[in-house]
Amino acid sequence: NKINMNKARELAMTNQLDKLGDELFKNSASLVEFGQMNRFQQEAQAKALGMTRDQLAKVAYQRAVNLEMSDEEIKNATGVENCSSNSSYFRFCR
């Protein structure tokens, strides 16, 4: 599935992050693709949306949670893990 970048930018700019996650990460395969990108690719995708890499990672993490992936599946797929119980601190695992 191709990403509609115009729609994604609009959702990012209007802070509709759940809908942005739906658009960017339509399935777990797209989450894996994000996780396999190198740092520069992730930063470029985030910049195209007017976001930081960390903000985009948070969207990816939340989308994985919405897809009911386990913590281990999320970490393996996206390269992002929740490092605290309050869900506000994320880090890249790789």
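Because the structure is a prediction, the values reported are computed rather than measured.

Chemist: How do you make sense of the packing of aromatic side chains when you look at a structure like this?
Modeler: Describing an aromatic ring pair means giving the distance of the ring centres and the angle of the ring planes. Per the counting criterion, the structure on display carries 1 aromatic pair. Both rings, one in Phe-25 and one in Phe-34, keep their centres 5.7 Å apart while their planes meet at 75 degrees; by these two values the pair is edge-to-face. Taking the relative accessible area as the measure of exposure, Phe-34 reaches 1% and is therefore buried.

Chemist: What exactly am I supposed to notice about the environment of Asp-71 here?
Modeler: Residue position: Asp-71 is located in helix α6 (residues 71-78). A sequence separation of 10 residues divides Asp-71 from Glu-81, and the C-alpha atoms of the two residues are 7.3 Å apart.

Chemist: Would you explain unusual backbone geometry in this entry?
Modeler: Although it is not a glycine, Asn-15 sits at a positive phi angle of roughly 60 degrees. Mapped onto the elements, Asn-15 comes out in the loop between α1 (5-13) and α2 (17-24). Positive phi, close to 65 degrees, is recorded for Glu-68, a residue that is not glycine. Counting through the fold element by element, Glu-68 comes out in the loop between α5 (53-66) and α6. Glu-68 gets classed as exposed once you look at its relative accessible area, which sits at 72%.

Thresholds, definitions, all that
- Residues numbered from 1 in each chain as written.
- Predicted model: local features only at pLDDT ≥ 70, side-chain atom pairs only at ≥ 80, totals over all residues.
- Heavy atoms only, no water.
- Phe/Tyr/Trp six-rings, centres within 6.5 Å; stacked < 30°, edge-to-face > 60°.
- Buried < 20%, exposed > 50% of the residue type's maximum accessible area, 1.4 Å probe, protein only.
- Helix = DSSP H or I, 4+ residues; strand = E, 2+ residues; numbered from the N terminus.

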